[in-house]
Amino acid sequence: VFLGNGPSGICLSYLLSGYIPYFKRDSLHPHPILQRKLEEAPGVSILDQDLEYLSEGLEGRSHSPVALLFDTLQRPDTDFGGTAESVLTWWHKTDRAVPHLVLGRNAPGGAWHSIEGSMVTLSRGEWMGLPDLPFKDWLKQKRRGLRNNRATAEDIAQYYQHYVMKKGLQKNFRCGTVVTSVRKVSAESISNHTQEGLQEHSDSLWNFNEKSMEVFQVDGFFKTVKGDKEPFSIYAENVVLATGTYDSPTWLGVKGENLSYVHHQLSALEEAVNNNNIGIMSDPVLIVGAGLTAADAILFAHHCNIPVIHVFRRRVSDPGLIFNQLPKMMYPEYHKVHQMMKEQSAACAGPYECYVSLPEHHVLSFGKDKKCIFQDKNGYQKVYKISMALVLTGSNPNLSFLPNNGIDLAMTSDQPINPKRNPIDVDPYTYECTQEKGLYALGPLAGDNFVRFVQGGALAVASSLLKKANKNPP
């Protein structure tokens, strides 16, 4: 059972539906050592090879060796601007399929359905694609091209839905499901019970391995078309956590943050503009944060001529700031925001109207009168009257369905799980949780934050589950 139907869950479903990757004969990979390793066993699928051996020595923009491996097999020279074809060929072998269910709240595509459709992705469009169906080929069929090599969130959400249909995976997907609990139970205690709900088409899922003493019980409810909630319980030997991190926006934890004019999602600004609640003559909108979502909010407000006060903790020149890591040519709009942050601080007026930057400041409190108090690094305080506040400082996964919110699974097991600072502790070559056998974590929960790199995790999980199911050839 997989929890989450975003790109991680879709890719894993593809691999477990009997789609097996092989090294394409006569292909030439630009990495000579990897090429030599691939030529050693050309008739053996990548899933059945030693992933640690294949990925050894690879370098790139991910800390996961298997993520780098699968990425370079699909897009051999993409980091150097090349367009070399994938060195993989895919065979559909139905006898190697592993029965599974993919549970998700929305349509296939996960959080991509919750993002404003016109937003442009940070990653290049071709990096958003899933195995054996290039994203740009799908766009061409729609008679569309990529803007500055990047794609809109709406395109990506549609592509993921199309992918599930095109590859015949929809029988494994159950949308409109909310999982409320995942826990280990003894196999004996459930052997006399029947599976409740969600089980049609998947009988073989429930043939437990004789040796399993414990299995996972997954409880939740299914939202019907009429809006009713139908409960279900599923039992499975293996559970894959692929729920992403879009669920719970981070709060600052300051006084007044729960007031009605303080929001934690960009959509609140769009809604306020559409409803004419704020406009050119309004008091400024406060935007807190120095990531890309905050930048998107600034660009949106700037486009609508809405005044902005921008507060963030870091220095503008801080190398950890995302803007200092993005190539200017590829991301001109984010470069513009960075320029505004540098040139338009409250200390000195700059060329940009309707925007004030307060670097190295933090919010002390929000008042009922919409007055907000900030403090700088020297302890000096400033008060501004604002129309609304957007706290856009990241988001955290919601793992309330796991015992102790899943904290025991994290790298630092006394701190909440965070995709950048404290991901779930997994084996790098199987993505199985080190603290809980049979439980796997994929995507941002395991520290892989880009679509191009979550797929390697799916390869690792599929390889591990195939071995457990004895679906590997001799």
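Computed from a predicted structure; not experimentally measured.

> Explain the sheet that holds strand S19 (residues 381-385) here, please?
Either a parallel or an antiparallel arrangement is found when strands of a sheet pair, and the pairing is made through backbone hydrogen bonds. Ordered in space as S17-S18-S19, the 3 strands form an open sheet in which the pairing is antiparallel. Looking at which strands have only one partner, the edges of the open sheet turn out to be strand S17 (361-366) and S19. Shown here is a sheet whose adjacent strand axes are inclined to one another by a mean of 30°, direction ignored. Bridging between S17 and strand S18 (residues 371-376) involves 5 bridges; their strand directions are antiparallel. From the neighbouring strand, histidine 361 faces S18, where its bridge partner is aspartate 376.

> In this structure, what is going on with the nonpolar core? I would like to understand it.
In globular proteins that are soluble, nonpolar side chains generally tend to be buried together. With 83 residues, the main nonpolar core has Leu3, Leu12, Leu103, Val182, Val218, Leu241 and Ile424 as its most contacted residues. Ranked by the residues each element gives to this core, the list is headed by helix H11 (residues 451-468), at 9 residues. Apart from residues no more than four positions distant in its own chain, leucine 241 is found in contact with Leu3, Phe401, Leu402, Leu409, Ile424, Leu439, Tyr440, Ala441, Leu442 and Leu445.

> Please clarify how unusual backbone geometry should be interpreted in this entry.
Of note, the phi angle at lysine 370 is positive, near 65°, even though the residue is not glycine. The residue lysine 370 is located in the loop between S17 and S18 in this model. Of the residues examined, lysine 370 reaches a relative accessible area of 32% and is grouped as partly exposed. A positive phi angle, close to 65°, is found at tyrosine 431, a residue other than glycine. Examined against the element boundaries, tyrosine 431 turns out to sit in the loop between strand S21 (395-396) and strand S22 (439-441).

Reading the values: the criteria
- Residues numbered from 1 in each chain as written.
- Predicted model: local features only at pLDDT ≥ 70, side-chain atom pairs only at ≥ 80, totals over all residues.
- Heavy atoms only, no water.
- Pairing = 2+ DSSP bridges.
- Helix = DSSP H or I, 4+ residues; strand = E, 2+ residues; numbered from the N terminus.
- Axes fitted to C-alpha atoms, helices over the stretch in contact; angles between N-to-C directions.
- Core = buried A, V, L, I, M, F, W, Y, C linked by side-chain atoms within 4.5 Å.
- Buried < 20%, exposed > 50% of the residue type's maximum accessible area, 1.4 Å probe, protein only.
- Contact = heavy atoms within 4.5 Å.

Function cannot be read off these values alone, since they describe shape.
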